[in-house]
Amino acid sequence: MLINLHTATRALRQNRLQAALTLCGMSIGVAMVVIVSGLGRGAQLQIESQIESAGPTLISVRSGNFSTAAVTGNGEQDSSGGEVSQGPVDPFGLQTDPISDAAPVTPVTVRKTRHRSPAWPLTQAEVDAIASQVEDVRSVAASVAGNVSLDEQPQLRIRVARVHGFQTDWEVMSGWKVLRGRMVTAQEHAAGTPVMLVSPAVAQRLWPDQDPLLQQLSFAGQDVAVVGVVDIEDESSSIVVPTVHVPMTLAQQLLDGQSFDEINVRSRSVATTSGVAQAIRRVLREQRQLADDTFDDFRVTTQSTSSMPSLGTDPRLSRAVHANLVELEKVSWEEMAASLRQAGRTFTLLLTGAAAVSLLVGGIGVMNIMLVSVVARTREIGLRLALGARMQDIMLQFIAEAVTLAVAGGCLGLVLGYLGLLVAQQSFHWAAVLEPAMVMAALVMAMLTGIVFGYGPARRAARLDPVVALKAE
Amino acid sequence: MPVISLQNLKKSYALGDNTVHALRGVSLDIEEGEFVAITGPSGSGKSTMMHILGCLDRPTEGHYLLGGEDVSNLSRDALADIRNRQIGFVFQGFNLLPRTTAVENVEVPLLYSRPLLPAAERRQRALEALDSLGLSQRADHHPSQLSGGQQQRVAIARALVNKPSLILADEPTGNLDTKTSIEVMRLLQNLRESLGITIVLITHEPEIAAYGTRIIAVRDGEIVSDVANTPTPMEHVEEDQEQSEPALAAANA
Ligand SMILES: Nc1ncnc2c1ncn2[C@@H]1O[C@H](COP(=O)(O)OP(=O)(O)OP(=O)(O)O)[C@@H](O)[C@H]1O
Ligand SMILES: [Mg+2]
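Residues numbered from 1 in each chain as written. Chains lettered and ligands numbered in written order. Predicted model: local features only at pLDDT ≥ 70, side-chain atom pairs only at ≥ 80, totals over all residues. Heavy atoms only, no water.

Chain B is annotated in an unreviewed UniProt entry as ABC transporter ATP-binding protein of Parahaliea maris.

Going by an unreviewed UniProt entry, chain A carries the name FtsX-like permease family protein and comes from Parahaliea maris. Taken directly from UniProt, the Subcellular location (unreviewed entry) text for chain A runs: "Cell membrane". Quoted verbatim from the Sequence similarities (unreviewed entry) field of the UniProt record, the comment on chain A reads "Belongs to the ABC-4 integral membrane protein family." (UniProt positions renumbered as here; feature names shortened; annotations may be inferred.)

This is the structure in structure tokens:
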């Protein structure tokens with residue numbers, strides 16, 4: 001095989017111009033394949049990420065259960081809410097449709113207590129339990145917030161700041177983006193290093209017209225330095241009491257406590273969100289050893305349930321909607337995701353068709369040069385046959401030549417394609433992705449093109465009559 | 001037992017409606033170590049006979065026994081193996097691969113030997129073959145950098161590299177001047193005497209044919225005469241070779 005490669009490269013070097021032209025044809029074909037699959041894949045990934053980012057995969061767990069409509073995140077009634085005291089209430093919210101069902105159901109009295117289940121703070125043990133016991137969880141992170149008084153500093157008029165502690169991954173789940181400086185690193189999270197992130201609004205309020213990255217705040221003698229300005233949507237109140245975001249360990253130290261306010265969980269996909277929410281509820285109930293007849297003392301909400309207005313609407317309507325929300329969101333999201341994916345696939349398929357055509361053209365170029373080469377080298381073939389080459393030896397020699405040509409063109413095409421993708425990305429802002437598997441596939445395709453289009457000419461060479469070939473000019 | 005035995009060998013080509021009879025029944029035995037010169041006018045069927053002797057072509061009729069084995073009806077690949085192992089070809093036009101060094105040219109038959117020798121051994125044997133023809137200095141030269149005589153010697157080295165029992169030469173001196181022709185003929189004579197290789201040579205020129213131990217004349221596809229010959233003596237061979245080397249080098253420069 002090596003000998004063949006050697007012979008092949010020599011033969012191609014002897015035929016430089018033609019080989020170069022064929023190489024160009026081939027490389028354009030492969031470049032097309034690379035560009036097309038890169039753009040196709042990019043578009044697909046973009047669709048995926050849009051589905052992911054828009055779709056409800058975020059689940060929030062808070063301590064206490066103050067919800068108006070006494071329903072859990074997954075639509076089950078737990079009647080721990082306290083606003084409803086009169087009117088027909090369906091105690092089996094899941095079994096009957098509370099709106100269309102005309103038959104009045106037995107009225108039940110619901111206690112007016114808002115704090116039916118008192119807040120029992122969330123702890124690291126629960127974070128660990130969710131991370132280890134619930135399937136399809138991508139990430140879990142807790143956060144805590146509280147006001148901490150500031151040491152007196154000359155230019156600062158503010159006496160108190162809201163310290164928000166967060167664990168690793170929280171920033172990813174919340175979609176924080178660094179505007180200046182950097183994120184808090186994993187090491188800083190682990191060590192509780194005194195560093196903090198602020199939003200642009202807070203930075204402007206604390207240090208008007210100064211570089212926030214040079215600033216620090218001092219809490220009980222501890223200096224906490226700003227390492228990043230992050231685009232965080234702070235609540236409006238945070239302007240009055242400015243919020244700073246610090247590693248969890250530091251926040252717990254400043255707030256002098258071990259508990260969390262909220263745990264955020266990201267499920268692996270839209271389709272698993274409701275299942276994960278249910279599992280979290282089960283795990284937490286177990287963790288907290290809640291008896292079957294007691295209510296949740298925490299709330300598990302998904303993005304859709306939390307976006308549903310519950311205050312000020314008819315609780316029955318609210319309950320009805322909540323009860324169906326899970327299935328609703330699942331169906332609509334899954335359908336939408338499926339149709340988007342289908343569109344992406346069709347797009348890729350169409351482009352791939354175009355790429356295949358250009359690869360075909362490249363392959364025909366290879367075939368052409370090989371046919372020319374066989375004719376031009378008939379005498380050499382005759383000589384090789386006379387010296388004892390079998391048919392397969394000649395076949396291999398010419399196929400190796402075609403494959404060398406095609407793969408060399410393929411490598412060039414990869415470079416061209418890569419550049420093409422860069423241009424598409426930089427100038428047109430198209431999503432483009434080049435994965436190692438795609439590079440391999442392009443090379444394999446180039447190789448196959450060489451074999452397929454080299455086969456005919458190689459066969460023709462191998463079947464030459466030695467006597468006739470030797471007499472050729 | 002003769003190395004080569006042709007029994008009523010016929011070869012004809014169909015050209016449109018009429019048939020060209022290139023060989024019309026040739027019977028011939030050649031013993032081991034003979035140096036046979038075949039002469040005859042153009043179109044008499046010499047090359048056709050040579051192609052069949054070299055297993056490049058198959059006869060239309062009759063039998064060809066090579067080393068006692070009937071090879072008239074073997075497959076293409078079987079014939080290729082026989083050519084590779086038993087036969088060395090020397091052509092009028094040298095037929096060296098262009099832009100390929102002398103030693104690589106000599107290696108080509110070894111690439112098709114089964115089992116395949118390791119690369120180092122192939123190189124070694126090619127260099128030995130070149131050396132035996134006094135070309136070790138030219139191993140890395142391309143054919144375009146060699147004189148005609150040197151090219152033909154490279155071709156002879158290539159024919160010898162697989163240690164064949166038979167060398168077939170179709171007008172090997174056709175493209176060479178008289179002096180170089182004599183040199184090549186002495187080389188072939190030397191091979192026969194030192195290695196005992198059987199040589200069959202085609203030529204137009206009586207002086208070249210005179211180097212053979214047997215001269216066969218062909219006309220219209222038939223053997224018209226077959227006589228033993230006392231080959232031209234090998235006088236001054238050493239001397240001549242020493243003289244010719246610098247002369248060739250000068251011609252090259
Ligand atoms: N492939 C072929 N098709 C038809 N006729 C052929 C073919 N090959 C050879 N012939 C004919 O066979 C005859 C013998 O040809 P051959 O080449 O053997 O002659 P030769 O003796 O070698 O001549 P020269 O001395 O010119 O080389 C010629 O008449 C030639 O035209
Ligand atoms: Mg001839």
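Back to the text.
**Student:** Looking at this structure, how should I read the layout of surface pockets?
**Tutor:** Gaps between atoms show up when a probe of the same size as a water molecule is rolled over them. If you add up the space inside the second largest pocket, you get close to 550 Å³. Lys471(A), Ser47(B), His51(B), Gln92(B) and Asp170(B) are, among the 25 residues lining the second largest pocket, the residues nearest its centre. For the lining of the second largest pocket, the elements supplying multiple residues, two or more each, are helix 15 (466-471) of chain A together with helix 1 (46-53), strand 6 (87-90) and strand 7 (166-170) of chain B. Per-element accounting of the lining of the second largest pocket gives the leading share, five residues, to helix 1 of chain B. Along the lines of polarity and charge, the residues of the lining of the second largest pocket split into nine nonpolar, eleven polar and five charged. (1 Å grid on protein atoms, 1.4 Å probe; cavity = no way out; pocket = protein on both sides within 12 Å on 5 of 7 lines; lining within 4 Å. Points joined across faces, edges and corners; volume = space filled by probe spheres on them. Helix = DSSP H or I, 4+ residues; strand = E, 2+ residues; numbered from the N terminus. Nonpolar A, V, L, I, M, F, W, Y, C, P; charged D, E, K, R; others polar.)

**Student:** Help me out: how do you make sense of the interface of chain A and chain B in this one?
**Tutor:** Interface size is commonly expressed as the accessible surface area that is lost when the partners come together. Between chain A and chain B, the residue contacts involve 26 residues of the former and 26 residues of the latter. For the pair chain A and chain B, the two sides together bury roughly 2400 Å², of which 54% comes from carbon and sulfur. Looking at the side of chain A facing chain B, the largest losses of area belong to Ile3(A), Leu387(A) and Arg390(A), adding up to 26% of the total buried there. At the boundary of chain A and chain B, one finds two salt bridges. A salt bridge links Asp81(B) to Arg390(A); its shortest N-O distance comes to 2.6 Å. Here chain A and chain B share ten residue pairs in polar contact (both at pLDDT 80 or more) between them. (Contact = heavy atoms within 4.5 Å. Buried area = accessible area lost by both parts, 1.4 Å probe. Salt bridge = Lys/Arg side-chain N within 4 Å of Asp/Glu carboxyl O. Polar contact = N/O pair within 3.5 Å; in protein donor to acceptor, adjacent residues only side chain to side chain.)

**Student:** Even after reading the chapter, I still don't get the sheet that holds strand 6 of chain B, so can you show me in this structure?
**Tutor:** Note on sheets: strands pair through backbone hydrogen bonds, and any given pair is parallel or antiparallel. Residues and elements named next belong to chain B. Here six strands make up an open sheet; going across it, the order is 6-7-8-3-9-10 and the pairing mixed. Looking at the sheet topology across the chains shown, the edges are occupied by strand 6 and strand 10 (222-228). Taking each pair of neighbouring strands and ignoring which way they run, the sheet shows an average axis angle of 15°. Across four bridges, the pairing between strand 3 (residues 35-39) and strand 9 (residues 214-219) is parallel. Paired with Ala-37 across the strands is Ile-215, a residue of strand 9. Those strands touched by helix 1 are strand 3, strand 6, strand 7 and strand 8 (198-202), and its axis lies near 155° from that of strand 7. (Pairing = 2+ DSSP bridges. Axes fitted to C-alpha atoms, helices over the stretch in contact; angles between N-to-C directions.)

**Student:** How should I be thinking about the nonpolar core in this particular structure?
**Tutor:** For soluble globular proteins, the rule of thumb is that nonpolar side chains tend to be buried together. The biggest cluster of nonpolar side chains holds 74 residues, and the ones touching the most others in it are Ile4(B), Leu6(B), Tyr64(B), Leu66(B) and Val200(B). Looking at which element gives the most residues to this core, the answer is helix 13 (residues 391-428) of chain A, with eleven residues. If you look at the next biggest cluster of nonpolar residues, it comprises 45 residues, including Ala129(A), Val137(A), Leu150(A) and Val163(A). (Core = buried A, V, L, I, M, F, W, Y, C linked by side-chain atoms within 4.5 Å. Buried < 20%, exposed > 50% of the residue type's maximum accessible area, 1.4 Å probe, protein only.)

**Student:** What am I meant to see in the sheet that holds strand 5 (residues 69-70) of chain B here?
**Tutor:** Residue and element names in this part refer to chain B. Strand order in the open sheet made by the four strands is 2-1-4-5, with antiparallel pairing throughout. In this open sheet, the two edge strands, each paired with only one partner strand, are strand 2 (18-30) and strand 5. Strand direction decides the pairing type here: strand 1 (residues 4-15) and strand 4 (residues 61-66), joined by five bridges, are antiparallel. Residue pairing for strand 4: Ser-5 is matched across the bridge by Leu-65. Most of the contacts of helix 1 go to strand 1, to which it runs at about 120°, and overall it touches strand 1, strand 2 and strand 4.

**Student:** Is there a simple way to explain helix 13 of chain A in this structure?
**Tutor:** Relative to the 56 Å expected for 38 residues at 1.5 Å per residue, helix 13 of chain A spans 52 Å between its end C-alpha atoms, a close match to the ideal helical length. Once helix 13 of chain A finishes, His429(A) follows within two positions and takes phi at roughly 55°, a positive value. (Expected span 1.5 Å × (residues − 1).)

**Student:** Got a minute to help me understand the side chain of Arg122(B) in this structure?
**Tutor:** Residue placement: Arg122(B) occurs in helix 4 (residues 119-132). Among the residues examined, Arg122(B) registers a relative accessible area of 7% and is labelled buried. In this structure, Arg122(B) is in contact with Ile3(A), Glu107(B), Leu110(B), Leu111(B), Leu116(B) and Leu117(B), ignoring residues within four places of it in sequence.

**Student:** Sorry if this is basic, but what is going on with the UniProt feature "transmembrane region" (unreviewed entry) in chain A here?
**Tutor:** UniProt's feature table lists "transmembrane region" (unreviewed entry) at residues 20-40, 349-377, 398-424 and 436-455 of chain A, given in the numbering used throughout. As a span, residues 398-424 of chain A carries 100% helix and 0% strand, and end to end its C-alpha atoms are 37 Å apart.

**Student:** What am I meant to see in the confidence of the model for chain A here?
**Tutor:** With 79% of its residues at a pLDDT of 70 or more, chain A has an overall mean of 79. The least confident element of chain A is helix 10 (residues 303-307) of chain A, whose mean pLDDT is 60; the most confident is helix 12 (residues 378-386) of chain A, at 95. (pLDDT = per-residue confidence, 0-100.)

**Student:** Hey, could you run me through the site of ligand 1 in this one?
**Tutor:** Of all residues adjacent to ligand 1, which total 14 residues, the nearest are Ser42(B), Gly43(B), Lys46(B), Ser47(B) and Thr48(B). With respect to ligand 1, its neighbouring residues span chains A and B. Take His204(B): an N or O atom from its side chain is 3.3 Å from an oxygen atom of ligand 1. A total of 640 Å² of accessible area belongs to ligand 1 in isolation, and the protein chains cover 69% of it. When atoms are counted within 2 Å of each cavity's grid points, the one that captures over half of ligand 1 is the second largest pocket. Take the shell around ligand 1: its biggest share by element is three residues, from helix 1 of chain B. Residues of the shell around ligand 1, tallied by class, amount to four nonpolar, seven polar and three charged. (Near = heavy atom within 4 Å. Areas by Shrake-Rupley, 256 points an atom, 1.4 Å probe, with all protein chains shown as cover. Sits in = over half its atoms within 2 Å of the grid points.)

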